[in-house]
Amino acid sequence: MEKRLLGTTGRKVSVVGLGTWQFGDGWSHVHEGDARAILETAVESGVDFIDTADVYGDGRSERIIGGFLRDFGTSPGERPTVATKFGRRGPQEPAAFTLENLRAWADRSRENLGMDTLDLVQLHTPPDSVFASDAVFDALDALVDEGRIASYGVSVETCDQALSALARPHVASLQIILNVFRRKPLDRVLPAAREAGVGVIARVPLASGLLSGKFREDTVFAAEDHRAYNRHGEQFDVGETFSGVDYATGVAAAAEFTGLAPDGITPAQLALRWVTQQDGVTTVIPGASSVAQARANAAVGSLGPLSRPLLDQLRELYDRRVRAQVHDRW
């Protein structure tokens, strides 16, 4: 598994990580025993970066990971790096992002994960006004000084938010949606992150599963799955569901994408390898709802580069099928 330096954290992490939203809510339910097996398989396959958040299942995801971590002892060199997120437990306005609240959120995550010092905490897609608040970033600096967190970053919805975050001197990492169907970060964000020495964590790399090539227009998702209830942004930013691509458009584009996968590589692996091949990306964090998915995702960390003709075909597919829907929105 290839490893890359995660910004200014001083940590090298696997180029393929593991996202764990599915251990909390928003997807079909993953039983705790299955979640533990997924974690074990991912780590055995070379994954040593795990991403979670305090609101995934109201802490369920963090607690499952915390139980898993207890088997690794306390040394960062003996266990995976864990990044969590906070900021969505209160009102989405600057007044809620006080030092007192940030400290309480960090302490709750520390308890859930069983960690004295959190490896990396990310502001969880906060509103635009938070990025302009010196007080918020001063509070994050205070949490570092207090030893509650080792480093901090920001998870964003838009490229403009990403550029605002990169202007902050102590931001160690940036998490952003990046996939074959969401390419705008390639234009300005990734070059700016490289220049700033900030690590990039790419999320939603499979466009909520579209790029696995397994969905049809009549595919039915469980009622509690965000792919059923958030297609038009009913609960949170629509860009988090199918990357903001209209479902019918996405299915048709994904069918073409699937046909471009080289022999021996699944469409999902092709999608992940495309992300890891983008200059400036540190790690990609696909979720996994089964041991087989975790193992297949991790295998991407040792794949060779995609060919230039294939990259050109993927860009042409985006330009023709998807660009008009998403490129100017985020």
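Throughout what follows, the structure given in this document is the object of discussion.

1. Re the overall build of the protein
- Check the secondary structure of the protein and you find 12 helices and 10 strands.
- Against the globule reference of 20 Å for 330 residues, the protein gives a C-alpha radius of gyration of 18 Å, in line with a compact fold.
- Out of the 330 residues in the protein, the part that is buried amounts to 56%.
- In the protein, once contacts between residues fewer than 6 apart in sequence are set aside, the share between residues at least 24 apart is 75%.
- Carbon together with sulfur atoms contributes 47% to the accessible area of the protein, which is approximately 13,300 Å² in total.
- Averaging the locations of the 35 positively and 44 negatively charged side chains of the protein gives two centres separated by 3 Å.

2. Describing the pattern of salt bridges
- Throughout the structure, instances matching the rule amount to 25 salt bridges.
- The partner of D119 in a salt bridge is R79, and the shortest N-O contact between them spans 2.8 Å. Pair noted here: D119 is in the loop between helix 3 (99-113) and strand 6 (120-124) and R79 is in the loop between helix 2 (60-69) and strand 5 (81-86), with a separation of 40 residues, a long-range link. Per residue, the accessibility class of D119 equals that of R79, and both read buried.
- Each of R103, D107, R110, E146 and R148 takes part in salt bridges that share partners, so that together they form one network.

3. Section: helix 1 (residues 32-44)
- Taking 1.5 Å of rise per residue, 13 residues should cover 18 Å, and helix 1 covers 18 Å from first to last C-alpha, within 8% of that figure.
- Tucked inside the fold, the buried residues of helix 1 contact strand 3 (18-19), strand 4 (49-51), helix 2 and helix 11 (291-299).
- G46, located one to two residues past helix 1, shows a positive phi value of around 110 degrees.

4. Focus on the sheet that holds strand 3
- Taking strand neighbours across the sheet as the criterion, the 8 strands line up as 3-4-5-6-7-8-9-10 in an open arrangement whose pairing is parallel. The sheet terminates laterally at strand 3 and strand 10 (283-284), the two strands that pair on one side only.
- Direction of pairing for strand 4 relative to strand 5: parallel, over a ladder of 3 bridges. Note on strand 5: the bridge partner recorded for F49 is T81.

Calculation notes
Residues numbered from 1 in each chain as written. Predicted model: local features only at pLDDT ≥ 70, side-chain atom pairs only at ≥ 80, totals over all residues. Heavy atoms only, no water. Helix = DSSP H or I, 4+ residues; strand = E, 2+ residues; numbered from the N terminus. Rg over C-alpha atoms; globule rule 2.2 N^0.38 Å. Buried < 20%, exposed > 50% of the residue type's maximum accessible area, 1.4 Å probe, protein only. Contact = heavy atoms within 4.5 Å. Areas by Shrake-Rupley, 256 points an atom, 1.4 Å probe, with all protein chains shown as cover. Lys, Arg positive; Asp, Glu negative; His and termini not counted. Charge placed at Lys NZ, Arg CZ, Asp CG, Glu CD. Salt bridge = Lys/Arg side-chain N within 4 Å of Asp/Glu carboxyl O. Expected span 1.5 Å × (residues − 1). Pairing = 2+ DSSP bridges.

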